[in-house]
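Tertiary structure, described
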Amino acid sequence: MVTQIKNASLQVFQRISHLLLSPTCSVCHGTSDTRFDLCTACHNELPWLEIACQQCALPLASEKAPICGQCLTHPPAFQKSLSLFHYAPPITHMINQLKFKQRLVASRLLGALLAEKVIPFYQTDTLPKLIIPVPLHKKRLQERGFNKALELAKCVSQTLHIPIASTAVKRLHNTAQQSQLPAAKRAGNVRNAFKVEKKLAQHVAIIDDVMTTGSTAQAMSQALKVAGVQRVDVWSIARPTLN
């Protein structure tokens, strides 16, 4: 009888431990059956960006050409881009939770998913030697209290064992938020907005949450190239389809 009671108590303890320690899915809020805060069913339903330009990650209609027409006619300063998702629900909600409500659990989940995709993306290529999160101006950093790009970079760095250079690039101007500007004004908004503060590796990756027109990535890449970096790649969580 004593043994049966002990076994029953152990089973109850194991169930409670499982409920308390298991990750909770960030989408359906049920208990996750994976090591992430995302269950398998919701993982499969996310708006994964499967077909995209290999240079700028712009969503493409087909796999016939690996590089989009814009990159062929006007190559950007960065060489290769990876974006995980179309900018659509529930990813938009997760990014907004991270950006405006400081839900850092979202950064851990999105950063882990990004790191998981980086490996096969570089299967026949060399990984960058350094990760550079898109910096905030010091005034905006004080207002928000954290840099969402840096929080994403921390998880990616931990998983891939690639160091972060969080202070290597300085944002010189407190520019208007790119998301509040029409596409035609975004390039001018970030032109000459970045300065490289130290000598860096020859191959680096910029990381940010959303890559819309690519203007921020372009401006940062140009500054990095001027500072002697030979190759810049861009990693982001989501990429909207441009009309």
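Further remarks concern the state of the cysteines. Scanning the entire structure with this criterion turns up zero disulfides. Summary of cysteine pairing: Cys28 is not part of a disulfide, and the nearest cysteine sulfur, belonging to Cys25, is at 3.6 Å. Here Cys28 falls in the partly exposed class, since its relative accessible area comes to 43%. Of the cysteine sulfurs around Cys71, a residue in no disulfide, the closest is that of Cys56, at 3.6 Å.

This next bit is on the nonpolar core. By size, the foremost hydrophobic cluster in this structure holds 37 residues, and its most contacted members are Phe85, Ile91, Leu113, Leu114, Trp235 and Ile237. Every element with two or more residues in this core is listed here: strand E1 (80-86), helix H4 (91-101), helix H5 (104-121), helix H7 (148-160), strand E5 (203-210) and strand E6 (231-239). Here this core gets eight residues from one element, more than from any other, and that element is H5. Dropping the residues within four chain positions of it, Ile91 is found in contact with Leu46, Pro47, Phe85, His86, Leu110, Ile237 and Ala238.

Looking now at unusual backbone geometry. Of all residues except glycine, most have a negative phi; of all peptide bonds, most are trans. The linkage connecting Pro89 with the following residue, Pro90, adopts the cis geometry, with an omega of 0°. One can find Pro90 in the loop between E1 and H4. At Ala57, a residue that is not glycine, the phi angle is positive and equals roughly 65°. Mapping Ala57 onto the fold places it in the loop between helix H2 (40-45) and helix H3 (69-73). Taking the relative accessible area as the measure of exposure, Ala57 reaches 1% and is therefore buried. Positive phi outside glycine occurs at His161, with the angle close to 60°. By the secondary structure assignment, His161 is in the loop between H7 and strand E3 (169-171).

Across the interface, H5 lies against H7 with an axial gap of 8 Å and an inter-helix angle of 45°. Relative to H7, the element H5 lies oblique. Here the hand of the crossing between H5 and H7 comes out right-handed. Of the residues in H7, those in contact with Leu104, Ser107, Arg108, Leu110, Gly111, Ala112, Leu114, Ala115, Val118 and Ile119 of H5 are Glu151, Leu152, Cys155, Val156, Thr159 and Leu160.

Before going further, it helps to examine the packing of aromatic side chains. The geometry of two aromatic rings is summed up by the distance between their centres and the angle between their planes. Counted by the stated rule, this structure contains three aromatic pairs. Seen from their ring centres, Phe121 and Tyr122 are 5.5 Å apart, and the 75° between their planes marks the pair as edge-to-face. Residue Tyr122 is classed as buried on the basis of its relative accessible area of 5%. Taking the centre distance of 6.0 Å and the plane angle of 75° together, the rings of Tyr122 and Trp235 count as edge-to-face. You can see Tyr122 sitting in the loop between H5 and strand E2 (130-133) and its partner Trp235 sitting in strand E6, a full 113 residues away along the chain. Taken as a pair, Tyr122 and Trp235 share a single burial class, namely buried.

Per-residue pLDDT for the protein has a mean of 84; in total, 81% of the residues score no lower than 70. Here residues 178-182 is modelled with pLDDT under 50, and outside its nearest four sequence neighbours on either side it reaches nine contacts, counting other chains as well.

Looking now at the pattern of salt bridges. Per the stated rule, a full pass over the model turns up four salt bridges. Here Arg231 makes a salt bridge to Asp125, at a shortest N to O gap of 2.7 Å. Taken together, the residues span a long stretch of sequence, with Arg231 in strand E6 and Asp125 in the loop between H5 and E2 at a distance of 106 residues. By relative accessible area, which is 27% here, Asp125 ends up partly exposed. Here the residues in one salt-bridge network are Lys80, Asp125, Arg231 and Asp233, joined through shared partners.

Conventions adopted
The written sequence of each chain sets the order in which its residues are numbered from 1. For a predicted model such as this one, the threshold for reporting local features is a pLDDT of at least 70, and the threshold for listing and counting side-chain atom pairs is 80 or more; totals across whole chains, interfaces and linings nevertheless cover every residue. To get the side-chain values, take all heavy atoms of the structure and skip hydrogens and water. By disulfide we mean two sulfur atoms from cysteines, separated by a distance within 2.5 Å. For the exposure calls, accessible area comes from a 1.4 Å probe over protein chains only, and a residue counts as buried if that area is under 20% of its type's maximum, exposed if over 50%, partly exposed in between. Put simply, a nonpolar core is a bunch of buried Ala, Val, Leu, Ile, Met, Phe, Trp, Tyr and Cys residues held in one set by side-chain atoms that sit within 4.5 Å of each other. Under the scheme used here, helices are H or I runs from DSSP no shorter than 4 residues and strands are E runs no shorter than 2 residues, and both carry numbers assigned from the N terminus. By definition in these notes, contact holds between two residues if any of their heavy atoms fall within 4.5 Å. Think of each axis as a best-fit line through the C-alpha atoms, taken over the contacting stretch in the case of a helix, with angles from 0 to 180 degrees between the N-to-C directions. Any angle that is under 35 degrees is reported as roughly parallel, and any over 145 degrees as roughly antiparallel; angles of 65 to 115 degrees are reported as roughly perpendicular and all others as oblique. It is the rotation of the near helix from the far one that decides the hand of a crossing: anticlockwise by less than a right angle makes it left-handed, clockwise makes it right-handed. Stacked, edge-to-face and tilted are the three classes for Phe, Tyr and Trp ring pairs, Trp counted by its six-membered ring, which pair at centre distances within 6.5 Å; planes under 30 degrees apart are stacked, over 60 edge-to-face, the rest tilted. pLDDT measures the predictor's confidence residue by residue and takes values from 0 up to 100. A side-chain nitrogen of Lys or Arg and a carboxyl oxygen of Asp or Glu constitute a salt bridge if their distance falls within 4 Å.

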